[in-house]
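Okay, here's what each chain looks like letter by letter:
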Amino acid sequence: MAVTVATGAVKTKREGTFGYLLPALLLIAFFFIVPVLMLLVRSVLEPEPGLQNYAVLLGSTTYLRVFLNTFMVAGVVTLVSIVIGYPVAWLLAIMPERWSRIVLAIIILSMWTNLLARTYAWMVLLQRTGVVNKTLMGLGLIDQPLALVNNLVGVTIGMTYIMLPFVILPLMGVIRAIDPAILRAAALCGAGRLQCFWRVLLPLSLPGIAAGALMVFVMSLGYFVTPALLGGTANMMLAELVAQFVQSLVNWGMGGAAALVLLVVTLALYAVQLRYFNPARGT
Amino acid sequence: MTQPFLSIRGIRKTYGTVTAVKSVGMDIAEGEFMTFLGPSGSGKSTTLYILAGFQDPTDGDILLKGRSLLSTPSHKRNIGMVFQRYTLFPHLSVGENVAFPLRIRRRPQAEIAERVKAALKLVRLEGFEDRMPANMSGGQQQRVALARALVYNPPVLLMDEPLSALDKKLREEIQFEIRRIHQETGVTILYVTHDQEEALRLSDRIAVFSQGEIDQIGTGPELYSNPATRFVAGFIGDSNFLDATVVASHAGKAKLSLGDGAVVEDVPLHGASTASGKASLMLRPERLSLSRASVPSGIAVTVRDITFLGNNVEVSTATSAGADLSVRLPFGHEAISSLARGEKAWLTFDTASAHAFA
């Protein structure tokens, strides 16, 4: 008898929890899962049933270059974001609270500023007669203006800037959680600054690096605005390709296939992160 | 003349207008177990951190074997330290934690393996090499931290309240281990604690810190039987304090009036007596005798409470002036059989065991 009662109680509790999740689940189901499934269906049904959309997408060098561009830009943006973001996150973590609040506010304010405005600002800065080129030429470092927009260099610069907060914020949280006494212990064990960093600080902040890197990489893979404005037509990225299929060519089959390839890659990366960098697993 | 092994000289540390350490100096012999004892904020931890190189003193110097340590950064001081909090590297196994200082020193692999094994044996954690720190108890983690701090044979080991996070029973067990390890390795230990019992149990000598200064340095028995200040008397062992007036003093002994006409003579007097003659008379609860018959030279008191403490019985009493005096007597002592609350009693003591602080 007692067992039955206990099971019943557990069941009720679970149903209760599920109830709270229901609105969010419905929202995701209707506005995410259903459209994705529809895309999947259209990618294998249009213009006629079969996998020919995927064959075209993965078989043509033009499209493969788009994939290559996308992964390369996302990879470089991720790498540069971490290299630039790590010292910032570390400083934020060790700064006195009143200073770190100000710096954090600046970082977050930049995130709240309109994305288009920020991207156009980069166009102005990076163009042939922009501030960057003029300064470099004025200093005599270059004779000819550098081509900084309408190519992947511009895309990388613009996207790195936009992605930085997504690296800094999780990293700062992880670094803040590291007990400074552990670093003191490392110092007394004989580790200099560099060894403290390589052997203790970096391994301990790895979950933050992984979280930030995944976020930036995945967001970069599907990014549209910045590549569309700062990139040239010659160096298309995946999101632009999807937009072109759907908007200009009205080819939902190819658009869906491209979007799904992107989704599969993203999910695979997420799975890798869960497997190797899940803090709950204690690694 | 042999130079002291470790010499702390006139250390002072200020933060802006706040003075954390006023003036701390002492010499420590090789192999000595020296404890810094004091309440929080007394400057004992700051002094230890200056030794570790985490902070620079405003003034003063620290000499190890005659050479100043101050210009050497922490990681080159070759000093071992165990911290109050758990500071094992969470991403490394126990074996790798202990090996860490040796890897930094680029010792050969075979030597590392051998020394890690020996260090873990020393703290009785043989075979725990592959455990992760997260899967160990607090006591075990502190033992590993001890092994990590000793594996490179540092000349000095600093310990900053390493047992304060552990429960009492475990604390006593590890205190015993620390004593054994001190005897086995002969390492010089500087130990910080606010627990007088821990200090007495572990140390060769104790430096009692109060408000950024050392009130007294001595062995446990010295501090207990001859405290230099009222603060030391209150911190080492239990004590009662009675207001008294110095009537006369000569050669470090005083004649005191306790009011009510009670007068005691030949009490050791510490500190320069003031014009008012006001002083504090310190009486150890275990050095007081209780008599139920009137004693002319005794202090008349009323029994307030009787507490059974196992092998001792504590009798709380109050003088007619309202001062509390507790008396500790062995269980079964005839003076306390059928003693009741509210009863009158007289306390007497050997004047040599009492101390007056002006």
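Residues numbered from 1 in each chain as written. Chains lettered and ligands numbered in written order. Predicted model: local features only at pLDDT ≥ 70, side-chain atom pairs only at ≥ 80, totals over all residues. Heavy atoms only, no water.

Naming follows an unreviewed UniProt entry, where chain B appears as ABC transporter ATP-binding protein of Shinella yambaruensis. Looking at chain B in UniProt, the text filed under Sequence similarities (unreviewed entry) is "Belongs to the ABC transporter superfamily." (UniProt positions renumbered as here; feature names shortened; annotations may be inferred.)

An unreviewed UniProt entry lists chain A under the name ABC transporter permease, with Shinella yambaruensis given as the organism. Its UniProt record gives chain A a comment under Subcellular location (unreviewed entry), which states: "Cell membrane". Recorded in UniProt for chain A, the comment headed Sequence similarities (unreviewed entry) runs: "Belongs to the binding-protein-dependent transport system permease family. CysTW subfamily."

Student: Kindly report on empty space enclosed by the protein, identifying the contributing residues and their values.
Tutor: The probe, sized like a water molecule, is rolled over the atoms to show the empty space still left. Residues and elements named next belong to chain B. What the rule picks out here adds up to one cavity of 30 Å³ or more. In this structure, the largest cavity encloses a volume near 40 Å³. What lines the largest cavity is simply Val-82, Gln-142, Arg-143, Leu-146, Met-159, Pro-162, Leu-163, Ile-174 and Ile-178. Elements supplying a minimum of two residues to the lining of the largest cavity: α4 (138–150) and α5 (168–185). When residues in the lining of the largest cavity are grouped by element, the largest group, three residues, is from α4. Considering only residue class, the lining of the largest cavity consists of seven nonpolar, one polar and one charged. (1 Å grid on protein atoms, 1.4 Å probe; cavity = no way out; pocket = protein on both sides within 12 Å on 5 of 7 lines; lining within 4 Å. Points joined across faces, edges and corners; volume = space filled by probe spheres on them. Helix = DSSP H or I, 4+ residues; strand = E, 2+ residues; numbered from the N terminus. Nonpolar A, V, L, I, M, F, W, Y, C, P; charged D, E, K, R; others polar.)

Student: Account for the sheet that holds strand β14 (residues 278–283) of chain B, with residues named and values stated.
Tutor: Residue and element names in this part refer to chain B. The five strands are arranged β11-β12-β13-β20-β14 in a closed barrel whose pairing can be described as mixed. Mean inter-strand twist for the sheet, computed between neighbouring axes without regard to direction, equals 55°. Examined bridge by bridge, strand β11 (residues 240–250) and β14 share six bridges and lie antiparallel to one another. Each bridged residue has a counterpart across the sheet, and for Leu-242 the counterpart in β14 is Leu-281. (Pairing = 2+ DSSP bridges. Axes fitted to C-alpha atoms, helices over the stretch in contact; angles between N-to-C directions.)

Student: Quick rundown of the packing of aromatic side chains? Include the residues and the values.
Tutor: With the rule as written, the count across this model stands at twelve aromatic pairs over all chains. Ring geometry for Tyr-86 of chain A and Phe-197 of chain A: centres 5.6 Å apart, planes at 85°, overall edge-to-face. Linking Tyr-86 of chain A in helix α3 (residues 61–94) with Phe-197 of chain A in helix α9 (residues 193–221), this pair joins segments that are 111 residues apart in sequence. Residue class for Tyr-86 of chain A comes out buried when judged on its relative accessible area of 8%. Taken together, a centroid distance of 5.3 Å and an interplanar angle of 20° make the contact between Phe-231 of chain B and Phe-235 of chain B stacked. Of the two residues, Phe-231 of chain B and Phe-235 of chain B both sit in helix α8 (residues 230–235), four residues apart, roughly one turn of that helix. Among the aromatic side chains, those forming a connected cluster through ring pairs are Tyr-86, Phe-197 and Trp-198 of chain A. Against the face of Tyr-152 of chain B rests Arg-105 of chain B, its NZ or CZ located 4.1 Å from the ring centre. (Phe/Tyr/Trp six-rings, centres within 6.5 Å; stacked < 30°, edge-to-face > 60°. Buried < 20%, exposed > 50% of the residue type's maximum accessible area, 1.4 Å probe, protein only. Lys NZ or Arg CZ within 6 Å of the ring centre and 35° of its normal.)

Student: Could you give an account of the UniProt feature "domain: ABC transporter" (unreviewed entry) in chain B, naming the residues involved and the relevant values?
Tutor: With numbering matched to this structure, UniProt assigns "domain: ABC transporter" (unreviewed entry) to residues 6–236 of chain B. Between the C-alpha atoms that bound residues 6–236 of chain B the distance is 25 Å, and the span itself is 36% helix and 26% strand.

Student: If you had to explain the layout of surface pockets to someone new, which residues and values would you point to?
Tutor: All names here are of chain A. By volume, the largest pocket amounts to about 850 Å³. Trp-90, Leu-183, Arg-184, Arg-193 and Cys-196 are the residues nearest the centre of the largest pocket, which is lined by 27 residues in total. For the lining of the largest pocket, the secondary-structure elements that each account for two or more residues are α3, α7 (152–176), α8 (180–188) and α9. For the lining of the largest pocket, the leading source of residues is α3, giving five residues. Tallied by class, residues from the lining of the largest pocket come to 17 nonpolar, six polar and four charged.

Student: Please provide a residue-by-residue account of the domain arrangement of chain B, values included.
Tutor: Residue and element names in this part refer to chain B. Under the domain assignment used here, chain B contains domain 1 (6–231) and domain 2 (238–357). The distance between the C-alpha centroids of domain 1 and domain 2 comes to 39 Å. Counting residues at the interface gives eight residues for domain 1, matched by nine residues for domain 2. Summed over both sides, the interface between domain 1 and domain 2 buries roughly 760 Å², with carbon and sulfur atoms accounting for 48% of that surface. When the buried surface of domain 1 facing domain 2 is broken down by residue, Tyr-224, Pro-227 and Arg-230 rank first, second and third, together holding 73% of it. The tally of links from domain 1 across to domain 2 stands at zero salt bridges. Taken together, the connections running from domain 1 to domain 2 amount to five residue pairs in polar contact (both at pLDDT 80 or more). (Domains from an automatic or database assignment. Contact = heavy atoms within 4.5 Å. Buried area = accessible area lost by both parts, 1.4 Å probe. Salt bridge = Lys/Arg side-chain N within 4 Å of Asp/Glu carboxyl O. Polar contact = N/O pair within 3.5 Å; in protein donor to acceptor, adjacent residues only side chain to side chain.)

Student: How would you summarise the interface of chain A and chain B if you had to cite specific residues and measurements?
Tutor: Where the parts come together, the accessible area they lose is often given as the size of the interface. The interface is formed by 17 residues belonging to chain A together with 23 residues belonging to chain B. Three residues, Leu-188, Cys-189 and Arg-199 of chain A, lead the burial of chain A against chain B; their summed loss comes to 38% of the area buried on that side. Across the chain A-chain B interface, the total number found is one salt bridge. With its nearest N and O atoms 3.4 Å apart, the salt bridge here joins Arg-85 of chain B to Asp-179 of chain A. The interface formed by chain A and chain B includes four residue pairs in polar contact (both at pLDDT 80 or more). Mapped by element, the contributors of at least two residues to the side of chain A that touches chain B are α8 and α9 of chain A. A breakdown of the residues in the side of chain A that touches chain B according to their chemical character gives eleven nonpolar, three polar and three charged.

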